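# Observations on the three-dimensional arrangement
Read off the chains here:
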Amino acid sequence: MTIKPVRSVMLAIIIAATPAFIGCATPSPETDERPVTPAPERKFVNAAKALGVSGIHAARSRWVDIDGDGWQDLVILRFGPGKDRRDRPRVFMNVKKGKGRAFRETTEESGILANRRKDGKGRTCTLILAGDVNNDGNVDLFSGAYCEFEKPKLKKGTSQPERDENGNIVMTQKDHGDRNEILLGDGKGKFKLTAKRGELSGHPATIDAATFLDYDRDGCLDIFVGNWYRQYGWSVEGYEDRLYKGDGKGNFKDMTEKAGMSLVAETGKRNSRRPVYGAAAVDINNDGWTDILVASYGRQWNLCWLNQGDGTFKEVAEQNKFDGDEDESGKHDPRSRRRNEKPYRSNGNTFGIAPGDCDNDGDMDIFLAEITHWWAMPAADLSCLLENLGPEKNWQFKRRPDAIPRTRTTRGWNQGDMHAAWLDYDHDTDLDLLLSSSDYPDEQRLRLFRQDGPGRFTDVTKDVGIDWRSSTGISVGDYDRDGDLDIVCGNTHNRLKPEQRKAQPLGLAVWQNNAAKGNWITVELRGKGKSNGLGIGARITCEIEGVKMIREISGGWGHVGQQDAIMAHFGLGKADKVKKLTVRWPDAKGTETTYADLPINRHYRITEGEEKPESTAPGETFGK
């Protein structure tokens, strides 16, 4: 289906160039004056210490402007304290500090720890997503709570479950009382729970993935939730994934069955429930309707739910090659002496799903981040670029495992790829790949691959000064509003040797970008009446001389709700203007609005229904 434009506004906008460029130097909180500048040979610098956030353990992190002041704030998740995993989320506001920026913690006053229990404060939180669920212009949060209450506790050294004095099976974990919840934002950095729990909280499960979308284009955000194993160690069955429809007031209704997305409990079938570790909402066939990609764990087939435009979805992963690579032999490396697996467990341990038009041909390609090991080959899937072949090949994906160069340092190697993101870090118009790897001791780290022409990538991690072992929870955004993209990430000590843990303590890194040389623009959207408040699901097309680029405003993708700043960024190379910028809104009619001859090196904010976009110079904000 092709969306026919119903409105096109051509504007010639002349905005006076701003002579003063407000740079990205960030002062140290200790002196308020010392700028954060890299050594001459470095292109990124870890500014976490100067920003006041070094030494903070962050398993997951994301940029999000929670108070609407134009500056990206930080929401992070940590592990602990205690086995109940409560008190995990933390909030840090991006504030002025001397002549630069810093982050100030506001966790307690933010309300992010709110719960409905009577036994103390804090909440179990596995993932956080940002969106505007009630269309009031303020950022709201979805807080996902991991619930594993159906896994039996085994007798030591056996496969038999423990039983209490009454003969009842003892479960591994008790119900902690928390559930998936919506926290409504007030636009000032504070949140509160909805008045009462609804269907969104009614299906406790092992949530490990979620994404906001507007699947029916009614102007209200919906949410897809992906869940892991039902009884890990006992069965390969996963909990049911669920699609919830939002009403624009913060309430959600379970539409899984009605949307045709229910799966069966029996394992090994194409329509079996399976453990899920990642999800993404993206339009993969250019019909204007948001589709849902699902990353499966346990080497089971991935899922691709194609939006039919009538409130239902069709699963097409086998047809478009998103399910896994061609090797379904189930064979392991002979040295491992492991029993071969069946075809349905001969695919990937897929964690990350990163959508982006990396070849600038007008359709969305995908990078899949996989965890695998030497012993699982050749049947297991490696991390891989999936090239979208477009309408000529019915939107099939071509797997290109050789596109991203990788070096194995040991014979018994591991690949711990958990997160991936696309960004044009150097502003040359080509999307580059950020890959975050962890959990194993053999050189799992944050890596940056520069794209040197369509589909050709070079590992430039060391060249640009990034040095971060066992990376987790990446997010990309422009925290200092200088026009280039910065990276925030945490790390983990999982499976690391003692000397490796000592060499890099647990902490948070903010990789300030000083590598960009070309021109740029950023674009924020504001829905007003027909589209959701932050324009999630919109597609933006940017045209300069000789190049056309597309971005989608994302409601989260990949493992545990990975999410970048909610805006679009375009590197423009040496272009001296944007010839044409087109927004395809996620409203009922697929309305398109077009602007012509836009000045470069500006931040733009486009409000639905208004003819002129707002713009500011680097370092400036729009205000509220």
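Thresholds applied
Residues numbered from 1 in each chain as written. Predicted model: local features only at pLDDT ≥ 70, side-chain atom pairs only at ≥ 80, totals over all residues. Heavy atoms only, no water. Helix = DSSP H or I, 4+ residues; strand = E, 2+ residues; numbered from the N terminus. Rg over C-alpha atoms; globule rule 2.2 N^0.38 Å. Buried < 20%, exposed > 50% of the residue type's maximum accessible area, 1.4 Å probe, protein only. Contact = heavy atoms within 4.5 Å. Areas by Shrake-Rupley, 256 points an atom, 1.4 Å probe, with all protein chains shown as cover. Lys, Arg positive; Asp, Glu negative; His and termini not counted. Charge placed at Lys NZ, Arg CZ, Asp CG, Glu CD. Polar contact = N/O pair within 3.5 Å; in protein donor to acceptor, adjacent residues only side chain to side chain. Pairing = 2+ DSSP bridges. Axes fitted to C-alpha atoms, helices over the stretch in contact; angles between N-to-C directions. Phe/Tyr/Trp six-rings, centres within 6.5 Å; stacked < 30°, edge-to-face > 60°. 1 Å grid on protein atoms, 1.4 Å probe; cavity = no way out; pocket = protein on both sides within 12 Å on 5 of 7 lines; lining within 4 Å. Points joined across faces, edges and corners; volume = space filled by probe spheres on them. Nonpolar A, V, L, I, M, F, W, Y, C, P; charged D, E, K, R; others polar. Domains from an automatic or database assignment. Buried area = accessible area lost by both parts, 1.4 Å probe. Salt bridge = Lys/Arg side-chain N within 4 Å of Asp/Glu carboxyl O. Disulfide = S-S within 2.5 Å.

### Quick look at the overall build of the protein
Tallying secondary structure elements over the protein gives 4 helices and 37 strands in all. Its C-alpha atoms give the protein a radius of gyration of 23 Å, within 12% of the compact-globule value 25 Å for 624 residues. The buried share of the protein, reckoned over its 624 residues, is 62%. Of the contacts formed within the protein by residues at least 6 apart in sequence, a portion of 59% connects residues at least 24 apart. For the protein, the exposed area adds up to about 24900 Å²; of that, 48% sits on carbon and sulfur atoms. Averaging the coordinates of the 92 positive side-chain charges in the protein and doing the same for the 95 negative ones gives two points 5 Å apart.

### Some thoughts on the side chain of Glu 240
Mapping Glu 240 onto the fold places it in the loop between strand S11 (222–227) and strand S12 (242–246). In terms of polar contacts, Glu 240 uses its side chain to reach the backbone amide nitrogen of Leu 263, at 3.1 Å. Beyond its immediate sequence surroundings of up to four residues, Glu 240 is in contact with Asn 227, Thr 256, Met 261, Ser 262, Leu 263 and Arg 273.

### Considerations on the sheet that holds strand S17 (residues 313–315)
Strand order across the open sheet formed by 5 strands is S17-S16-S15-S14-S32, with antiparallel pairing between neighbours. The strands lining the two open edges of the sheet, one partner per strand, are S17 and strand S32 (557–559). The sheet shows a mean angle of 15° between the axes of neighbouring strands, taken without regard to direction. One ladder, built from 3 bridges, connects strand S14 (residues 276–282) with S32; its direction is antiparallel. Bridge pairing in S32 links Gly 278 to His 559.

### Observations concerning the packing of aromatic side chains
Per the counting criterion, the structure on display carries 16 aromatic pairs. A ring pair is formed by Phe 44 and Tyr 425, whose centres lie 6.1 Å apart and whose planes are at 40°; its orientation type is tilted. With a gap of 381 residues between them, Phe 44 in strand S1 (residues 44–46) and Tyr 425 in the loop between strand S22 (414–423) and strand S23 (432–437) connect regions that are remote in the sequence. Here Phe 44 and Tyr 425 have matching classes, each one buried. Both rings, one in Trp 63 and one in Tyr 479, keep their centres 5.8 Å apart while their planes meet at 10°; by these two values the pair is stacked.

### Quick notes on the layout of surface pockets
Taken as a whole, the second largest pocket encloses approximately 460 Å³ of empty space. The wall of the second largest pocket is formed by 21 residues, among which Glu 443, Arg 445, Arg 447, Asp 459 and Lys 462 lie closest to the centre. Partitioning the lining of the second largest pocket into residue classes produces 3 nonpolar, 7 polar and 11 charged.

### Section: the domain arrangement of the protein
Per the domain assignment, the segments making up the protein are domain 1 (44–153 + 166–519) and domain 2 (520–616). Computed over C-alpha atoms, the centres of domain 1 and domain 2 are 23 Å apart. In total, about 4100 Å² of surface goes out of reach between domain 1 and domain 2, with carbon and sulfur atoms giving 51% of it. For the pair domain 1 and domain 2, the number of links is 2 salt bridges. The partner of Arg 481 in a salt bridge is Glu 524, and the shortest N-O contact between them spans 3.9 Å. Linking domain 1 to domain 2 there are 30 residue pairs in polar contact (both at pLDDT 80 or more). Contributions of two or more residues to the side of domain 1 that touches domain 2 are made by strand S2 (60–64), strand S6 (127–131), strand S10 (207–213), S14, strand S18 (350–356), S22 and strand S26 (471–477). When its residues are assigned to classes, the side of domain 1 that touches domain 2 shows 28 nonpolar, 20 polar and 16 charged.

### Here's the deal with the state of the cysteines
The tally for this structure, following the rule as stated, stands at 0 disulfides. No disulfide involves Cys 384; its sulfur sits 11 Å from the nearest other cysteine sulfur, which is in Cys 358. Overall, Cys 384 belongs to the buried group, its relative accessible area being 3%.

### Some details on the side chain of Glu 524
Here Glu 524 lies in strand S29 (residues 519–526). In contact with Glu 524, not counting residues within four places along its chain, are Arg 481, Met 567, Tyr 604, Arg 605, Ile 606 and Phe 622.

### Quick notes on the pairing of strand S15 (residues 291–296)
As a general feature of sheets, a regular strand has side chains that alternate between the two faces. Within S15, 6 of the 6 residues are buried, leaving the element largely enclosed by the surrounding structure. Burial along S15 is two-sided: Asp 291, Leu 293 and Ala 295 and Ile 292, Val 294 and Ser 296, pointing in opposite directions, are all buried. Where S14 meets S15, 6 bridges bridge the pair, whose relative direction is antiparallel. Looking across to S15, one finds that Ala 280 is bridged to Leu 293. By the bridge criterion, 3 bridges tie S15 to strand S16 (residues 303–307) in an arrangement that is antiparallel. Looking at S16, one finds that Ile 292 is bridged to Trp 305. Counting the residues in the hairpin turn of S15 and S16 gives 6 residues, including Gly 298, whose phi is positive at 70°.

### So, the environment of Pro 498
In this fold, Pro 498 is placed in helix H4 (residues 498–503). Taking the C-alpha atoms as reference points, Pro 498 and Arg 337, 161 residues apart in sequence, are found 29 Å from one another.

### Remarks on the sheet that holds S6
The sheet built from 4 strands is open, its strands ordered S6-S7-S8-S9 with antiparallel pairing. The open sheet has two edge strands with one neighbour each: S6 and strand S9 (191–193). Taken over all neighbouring pairs, the strand axes of this sheet differ in orientation by 30° on average, direction set aside. As paired elements, strand S7 (residues 140–144) and strand S8 (residues 181–185) share 3 bridges and run antiparallel to each other. By the bridge assignment, Leu 141 is partnered in S8 with Leu 183.

### A short note on the pattern of salt bridges
This model, assessed by the stated rule, comprises 33 salt bridges. Ionic pairing is found between Glu 237 and Arg 273, a salt bridge with its closest N-O pair at 3.4 Å. Of this pair, Glu 237 sits in the loop between S11 and S12 while Arg 273 is found in the loop between strand S13 (252–254) and S14, placing the two residues 36 residues apart along the sequence. Via salt bridges that share partners, Arg 270, Glu 318, Asp 323 and Glu 328 belong to a single interconnected network.

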